[in-house]
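Okay, here's what each chain looks like letter by letter:
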Amino acid sequence: MKKAEDIRSTASDITMKIVACVLLLVTCNLLLVTDGSTGVSDRVAAFVDDEAITNSELQEQYTETLKITPDITKDEVLNTMINRVLILRQAKKYRIEGPSPDEVIKEYIDLKVRAVIRVPETEIEKYYKENSSMFSGKEYDDIRDDIEKYLTEKELNARLKETLRELRKTAYIKILSKQGQ
Amino acid sequence: MQKKRLLKSRKTILSVFFVFFFFVLSWSSVNAFMPGKIVIHGLYSINRDEFIDLLGLGGVQPDKERIRKGIKRAFLKGIFEDISVEVSDGDTPEITVNVKEKEFIRKVHIKGNYPVSRKKIAGLFLLKEDQVMRYDLIPQAKEELKEKLALYGYPDARIDISFEKDKKPCRVNLSVAIDAGAPLLIKTLHIIGTELDVRVPLKTKPGDVYDRIRLNDDLKRLAEFLKKQGYFKPSVGPYSYREGELDLAVIPGKKLTIAVEGNKVISRKNLMKEAPFFEIETFNDEVISEAIDRMLFLYHAAGYASAQIAPVINSNDSVVNITFFIFEGEKYRIKNIQFAGAQLPHKKLEELMELRKGGVYNPDTLEKDRDSLKEIYGALGYLETEVKEFDVKIDEKDKTAEITVNIHEGERTEINDVDIAGVAPEMKEILMGIAGLKKGAPYNEVDISDARFRILDYYGNYGYADMDVVISRTIEGHKASLKFSVIEGLKKVFGTTIITGNNRTKYTVIKRELINREGEPYNFKTLADDRQRLYKLGLFTAVDIESFNLGDDKKDILIRVKEGNTGAVEFGLGYAEYEQYRAFIELSYRNLWGMNRQGSLRTEISGLERRVILQYYEPWFMGYPLPFRTFLLHEQKKEINIPDGNTTYKLERDTVSAGFEKKISSSVKADIYYEFSLVKTSEVQPDVILSREDLGALVISSIKPSIAYDTRDNPFEPSSGLLAGISLKIASPVLLSETNFTKLTIYGSAFHKLHKRVVLALSVRGGVAFGLGAPDELPIVERFFLGGRSTVRGYEQDTLGPKGTDGNPTGGNAFLVGNIELRTSIGRGFSLAPFFDMGNVWVKAKDMNLTDLKYTTGIGLRYITPVGPLRIDYGVKLQKDPGESRSALHFSIGHTF
């Protein structure tokens, strides 16, 4: 009798386990099936000739950039993305390669912009004289390299802006929609 | 207990299977995505299938990443301005794609009055046909055109640009209305700065429009003019224009005269090429010294090793004179080259040098030869070899040089061990074979580098485009150990192919030619083959293939094509010895309906025949790579007996033919054609009638299979290879033919280069035919004839073989012809071809007899043209029969065989 009860109990236990398994599997299955069928959408946010920047890319980049620069706008991020496309395209023309797009852009700037910048000694001296109060009595020789570095970066920034302005002139750029709005 | 355990284990197995299948089904249901439907709005320029291919949404789960990549990929097509994709919720989601295509300029209409040609204006106008319509550029285009017209002398030009939508979607027509306005005129032209008469080269004259484009060309011409007068750096310009007064500043500068004295061996003209003062517009000590070095280089190359050049310069305010005084010295020849300390065969070493025993002594090549010797020692593993400076002893009496080369070879370094790391053992074995570096082989960097590239190539074929091989070397006691470390990187496969630039050509025409397949290992060779196959279509002037990653293991391929002009009109006029005049005109188009289908209409006319051929060619019949060709032919022809000029018979033929061609391999091609001809023969000379079918109308319906083997290096001008083939023609009442015969033709030609200027060309051709009715002779239009420019050249056209009672050639059912030519180039595109021909025709195949061949010999002159050589052959009979001419002269295009 006890044996029969044991068997019944075991059978009921197994049945429960099976039912639980089936429920679990059905849930998993539903999750798997519905995972891909949730509504998704994307569209072109802007293009540079034949290269598109999509809304989803813009949104991702915007979210990432906000972590570093909280007050940046989406338009500014989109413009930066357009600049990247322009520089990467130019780098490709010069067959500049790298492990990542960031590396390619850095390589392009170093080779094509920074390499041609020469800050004349007179400029460094002039800057030192004009801003001597900022250097709290430091000798020219002690601060010279820092000034040169600063002026180089300043010139680099100006030339890069000029390069981008030229590149934008020859490209067909269109911003289609202000996403998030 | 055991039963319970058994039951439990069965249940466990069942559960595992159940779970497994459940997950498999679930998983497969995820992957075998069944979209509800894909709705596309706004797509006009490409077909739906191509677009879905580009988006990558055919039958797969449309997740966020896939949609993004799809949009970016499709955009590369270059025709879209916006694409949006929306996927609805649910098990069978509906995909809605909204597309906005870019507008393209279809036509630019230029109207009004303008001073230059329409083509020029179209070139100057920023917005061009077939380009994207940039509405934002209209003001700039207008302003730029206005500025350019001002340069042409029309500063008040008025330009209006308007546009209207074309009937075709996404196409715009532009209208540019120009009113050039009044031009600026030149009333007077003043030359300032010189008293010289420099107006000669100027095209601009008083009374002309103030055209600055032309004026700038004038300035260039004037500068050249002054240089020719001896002014080495003239200053021409600037100019100014004010109220009709054009002032042009011209300062000729100093005159430069160059003299050469003492030169006998090398002409002044050749020496002056080395002193380009006028071209570079510079005259200083540096360029003079450079010019002297270059002149001496010429002397040294000619063996004048002790030549010297001294410049003497005289100068005043207006003239600079330079005289190069040359002492040429003596010409030296190399008496002997000796090697000291070299174990390698001296003869082999000498062969590597430019300096040669008996040749001229050129001191400028000493260093080059020294480097060559060092290089070969390096290649043989002698890493420490020292080749000392050559010891040169000049014998002034004999005018000879004796060269001694002192070499310290050192010990040879050998490969002791080669290892390949970073791969599985079985792959290592394969790569060892590919590297091909053996133990005991000389150590040299060239072989090692080659081995590395072979490994890279091998991997490249399997999709490892980013892999690298790093070599480490250890050399101890002249024994080298090499280790090739393989860094495989990620395997890449082909992704989607995007095709752009095919405005007229259909997507499928390009797609079907491509051998890259999505999912197969990515490799460069496949892409190179794709490019070659697309060029072979003859539709594109440029095919640019680029691969790019959209962030996964797939490399998408972007193919940019530039379509060429696929229509052609060709015509030609010529003269031939029998036909007298010959002419043809052909209209052809090779991209009908954008499907690479080809059509042509050709008319040929000559003193003896008129022919019209309408042809159609389908490269892919019913979607299979099986070329299909059909043509209609109408022909009227008069056959004459050349010696007496009498008409043998007249022929009118209408033919329709259709068939398939198949390239079985790179050298074997087969085809099969059906041909239906309605032939009418008239005015047939009684003595040539061998068959009742020789007269009147006759229907010949036949099939013609043939196969050809061709390994010639160049079909127009072969210098090596073979061409052989066999062709059968069967006409039968079964095919509704009124005549019944089988005709077999075989041919074989071989080409062999005996010398760089001499090609031996051999050919054998033969044919037999059997009439299957009564009589067994074939109708005259199907019989074989021999003699003439492409068979046996000692005979006039078709005059060799059996003749009728009146001496007219009757042709026959069998023939054999052989030719031998020695095609010898004599330079400047001309060649001579002595030849020996043999052959004969027999009325019946059973009459064929090799002892009955007729022999002729002769010589031909050829001039090479892009379509084959222009040819004149003069053949002489070696067995002249009574009444026959001794020889024959032939003109034609193309080789005999």
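Residues numbered from 1 in each chain as written. Chains lettered and ligands numbered in written order. Predicted model: local features only at pLDDT ≥ 70, side-chain atom pairs only at ≥ 80, totals over all residues. Heavy atoms only, no water.

K.L.:
Would you mind going over the overall build of chain B in detail, with residue names and values included?
P.N.:
Helix and strand counts for chain B stand at 15 helices and 38 strands. In terms of overall dimensions, chain B is more spread out than a globule: its C-alpha atoms have a radius of gyration of 39 Å, far above the 29 Å expected for 897 residues. Dimensions of chain B, computed from the C-alpha atoms along their principal axes, are close to 115 × 105 × 90 Å. When burial is assessed residue by residue, chain B has 43% of its 897 residues classed as buried. Considering only contacts in chain B between residues 6 or more positions apart, those separated by 24 or more positions represent 57%. Just so you have it, chain B exposes about 47000 Å², and 56% of that area is on carbon and sulfur atoms. Where the 128 positive side-chain charges of chain B centre and where its 123 negative ones centre are 3 Å apart. (Helix = DSSP H or I, 4+ residues; strand = E, 2+ residues; numbered from the N terminus. Rg over C-alpha atoms; globule rule 2.2 N^0.38 Å. Buried < 20%, exposed > 50% of the residue type's maximum accessible area, 1.4 Å probe, protein only. Contact = heavy atoms within 4.5 Å. Areas by Shrake-Rupley, 256 points an atom, 1.4 Å probe, with all protein chains shown as cover. Lys, Arg positive; Asp, Glu negative; His and termini not counted. Charge placed at Lys NZ, Arg CZ, Asp CG, Glu CD.)

K.L.:
Can you explain the side chain of Thr-413 of chain B? Please cite residues and give values.
P.N.:
Among the secondary structure elements, Thr-413 of chain B is positioned in the loop between strand 16 (400-408) and strand 17 (414-421). Other than its neighbours up to four places away in sequence, Thr-413 of chain B contacts Gly-381, Leu-383, Ala-441, Pro-442, Tyr-443, Ile-475, His-478, Lys-479 and Ala-480 of chain B.

K.L.:
Account for empty space enclosed by the protein, with residues named and values stated.
P.N.:
Residue and element names in this part refer to chain B. Applying the stated criterion across every chain yields a total of two cavities of 30 Å³ or more. Taken as a whole, the largest cavity holds about 50 Å³ of empty space. Contributing to the lining of the largest cavity are Glu-639, Ile-640, Thr-648, Tyr-649, Phe-785, Gln-797, Asp-798 and Pro-809. When residues of the lining of the largest cavity are traced back to their parent elements, those giving at least two are strand 27 (628-641) and strand 28 (646-663). Residues of the lining of the largest cavity, tallied by class, amount to four nonpolar, two polar and two charged. Here the second largest cavity defines a volume of roughly 30 Å³. Lining the second largest cavity, in full, are Val-679, Thr-681, Glu-693, Gly-696, Leu-698, Pro-779, Ile-780 and Val-781. Those elements that place two or more of their residues in the lining of the second largest cavity are strand 29 (668-682) and strand 30 (696-710). Within the lining of the second largest cavity, the residues separate by chemical class into five nonpolar, two polar and one charged. (1 Å grid on protein atoms, 1.4 Å probe; cavity = no way out; pocket = protein on both sides within 12 Å on 5 of 7 lines; lining within 4 Å. Points joined across faces, edges and corners; volume = space filled by probe spheres on them. Nonpolar A, V, L, I, M, F, W, Y, C, P; charged D, E, K, R; others polar.)

K.L.:
Could you give me a rundown of the pattern of salt bridges, with the residues and numbers involved?
P.N.:
For side chains bearing opposite charge, pairing can occur when the charged atoms are close. Residue and element names in this part refer to chain B. Considering all chains together, one arrives at 75 salt bridges over all chains under this definition. Across the salt bridge formed by Lys-227 and Glu-224, the nearest N and O atoms sit 3.9 Å from each other. With Lys-227 and Glu-224 both in helix 6 (residues 212-228), this residue pair falls three residues apart, about one helical turn. Here Asp-881 makes a salt bridge to Lys-854, at a shortest N to O gap of 3.6 Å. A residue pair is termed long-range when its members are at least 10 positions apart, and Asp-881 in the loop between strand 37 (868-877) and strand 38 (887-893) and Lys-854 in strand 36 (residues 854-865) qualify at 27 residues. Look at Asp-881 and you get partly exposed, because its relative accessible area is 32%. Put simply, Glu-586, Arg-602, Glu-604, Glu-609, Arg-611, Glu-635 and Arg-653 are held in one network by salt bridges that share partners. (Salt bridge = Lys/Arg side-chain N within 4 Å of Asp/Glu carboxyl O.)

K.L.:
Outline the packing of helix 2 (residues 48-55) of chain B against helix 3 (residues 64-75) of chain B, supporting the account with residue identities and numerical values.
P.N.:
Residue and element names in this part refer to chain B. Running from N to C, helix 2 and helix 3 point in directions that differ by 125 degrees, and their axes come no closer than 7 Å. For the element pair helix 2 / helix 3, the angle class is oblique. Between helix 2, through Phe-51, Asp-53, Leu-54 and Leu-55, and helix 3, the contact on the second element is made entirely by Arg-66, Gly-70, Ile-71, Arg-73 and Ala-74. By residue class, the composition of the contact of helix 2 with helix 3 is five nonpolar, one polar and three charged. (Axes fitted to C-alpha atoms, helices over the stretch in contact; angles between N-to-C directions. Parallel < 35°, antiparallel > 145°, perpendicular 65-115°, else oblique.)

K.L.:
Give a description of the sheet that holds strand 20 (residues 493-500) of chain B that names residues and reports values.
P.N.:
Residues and elements named next belong to chain B. What the three strands build is an open sheet, ordered 20-22-21; its pairing is mixed. Looking at strand neighbours, the two that pair on one side only are strand 20 and strand 21 (540-549), the edges of this open sheet. Neighbouring strand axes in the sheet, compared pairwise and without regard to direction, differ in orientation by 20 degrees on average. Against the sheet, helix 15 (residues 524-536) makes contact with strand 20, strand 21 and strand 22 (554-563), and its axis sits at roughly 155 degrees relative to strand 21, the strand it touches most. (Pairing = 2+ DSSP bridges.)

K.L.:
Tell me about the confidence of the model for chain B, and name the residues and values.
P.N.:
When pLDDT is averaged along chain B, the result is 90, and 96% of the positions lie at 70 or above. Within the model, the stretch residues 13-34 of chain B combines pLDDT values under 50 with 25 contacts to residues more than four positions away or in other chains. (pLDDT = per-residue confidence, 0-100.)

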